[in-house]
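What follows is the residue order along each chain.
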Amino acid sequence: MTLRCHVDLTGILFSLLSLILLPAGCQQAGDPVPLDAAMELQETGHSDQAIQMLAREDIEKNLQASSLRTLKINENEFKELPQWKRDFFSEESLLLVPLLKRAAYLQIEQLQAAEDAGAAEKAKALQSQLQRLIGFLQNKQRLQLYQQLGGGIQMKLKEATSDQVDSSQEET
């Protein structure tokens, strides 16, 4: 009888462990994806460092490679989750959204600075990265929160690039 209880308890512990590790992701080898590392920095109160780290990267590629589960489900799948898991995903999203927003806005500032400095190649590369990020976020297979974030980044990018067009037209 005690052996059976021990086996049942072990099974429960393994199930709980897998539930804990699965949403958080487990990297088996190598360094964590910069987005995951930035999330860890943000969780420990180092938001500015996390934003700087992420802004130096191709954010969309990091989203693709991330272990974050909220990036891999859509609104209907989210609604079907048990409440405790929705709470977990909501917490993850509440940490991720401001990080993504501020890093993307920083990249938009870098794009503007590159254009002002005449670094057309760098500006073009940043704009391409930002467009891919927007497309990734606005995909209908994402949570609405991420779709809306993509829309906000797109508006900011349009505003920034139209400012550049307006100022260049004034010079002519």
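Look up: the structure comes first, before these words.
Conventions and cut-offs
- Residues numbered from 1 in each chain as written.
- Predicted model: local features only at pLDDT ≥ 70, side-chain atom pairs only at ≥ 80, totals over all residues.
- Heavy atoms only, no water.
- Helix = DSSP H or I, 4+ residues; strand = E, 2+ residues; numbered from the N terminus.
- Buried < 20%, exposed > 50% of the residue type's maximum accessible area, 1.4 Å probe, protein only.
- Contact = heavy atoms within 4.5 Å.
- Areas by Shrake-Rupley, 256 points an atom, 1.4 Å probe, with all protein chains shown as cover.
- Expected span 1.5 Å × (residues − 1).
- Arc of directions from axis to C-beta.
- Lys, Arg positive; Asp, Glu negative; His and termini not counted.
- Salt bridge = Lys/Arg side-chain N within 4 Å of Asp/Glu carboxyl O.
- Core = buried A, V, L, I, M, F, W, Y, C linked by side-chain atoms within 4.5 Å.

Turning our eyes to something else, we now look at the overall build of the protein. Helix and strand content of the protein: 8 helices and 0 strands. Seen in sequence order, the protein has helices and strands lined up from the N terminus as α-α-α-α-α-α-α-α. Relative to its 172 residues, the protein shows a buried fraction of 35%. The contacts of the protein with a sequence gap of at least 6 include a subset with a gap of at least 24, amounting to 66%. Accessible surface for the protein amounts to roughly 10,600 Å². Of this, 55% is attributable to carbon and sulfur atoms.

On to the environment of Gln127, then. Within the secondary structure, Gln127 sits in helix H7 (residues 120–138). The class of Gln127 is partly exposed, set by a relative accessible area of 26%.

To continue, consider H7. Compared with the 27 Å implied by 1.5 Å per residue over 19 residues, the 27 Å span of H7 between its first and last C-alpha is a close match. Turning to H7, its buried residues are Ala123, Leu126, Leu130, Leu133, Ile134, Phe136 and Leu137. Each buried residue of H7 lies within a common arc of 160 degrees when the element is viewed along its axis, so the set occupies one face. Structural note: H7 exposes Ala120, Glu121 and Lys124 on the side pointing more than 90 degrees away from its buried face.

This next bit is on the side chain of Arg142. When you line up the elements, Arg142 lands in the loop between H7 and helix H8 (144–171). We note that Arg142 is buried and unpaired, the nearest opposite charge coming from Glu60 at a distance of 7.0 Å. Sequence-distant contacts of Arg142, defined by excluding residues within four places in its chain, comprise Leu71, Ile73, Asn74, Glu75, Phe136, Leu137 and Gln147.

Counting buried positions along helix H2 (residues 34–43) gives 7 out of 10 residues, so the element sits mostly inside the fold. Turning to H2, its buried residues number three or more, namely Leu35, Asp36, Ala37, Ala38, Met39, Leu41 and Gln42. Next to the buried residues of H2 lie helix H3 (47–55), helix H4 (59–65) and helix H6 (83–116). One or two positions beyond H2, positive phi appears at Gly45, with a value near 90 degrees.

In this section: the environment of Arg69. Within the element layout of this structure, Arg69 appears in the loop between H4 and helix H5 (75–80). C-alpha of Arg69 to C-alpha of Ser93: the two residues are 24 residues apart in sequence and 9.6 Å apart in space.

We now examine the nonpolar core. Counting residues in each nonpolar core, the largest one holds 40 residues, and the members touching the most others are Leu35, Leu63, Leu100 and Leu137. Elements with a minimum of two residues in this core: H2, H3, H4, H6, H7 and H8. Counting residues per element, this core draws most heavily on H6, at 11 residues. Among all residues touching Leu100, those that are not within four sequence positions of it are Leu35, Leu54, Ile59, Leu63, Leu137 and Leu149.

All right, on to the pattern of salt bridges then. Tallied over the full model, the rule gives 3 salt bridges. Where Arg102 meets Asp48, a salt bridge forms, and the shortest distance between an N and an O atom there is 3.1 Å. With a gap of 54 residues between them, Arg102 in helix H6 and Asp48 in helix H3 connect regions that are remote in the sequence. Overall, Asp48 belongs to the exposed group, its relative accessible area being 53%. In the salt-bridge network here, residues are joined through shared partners; they are Asp58, Glu60 and Arg132.

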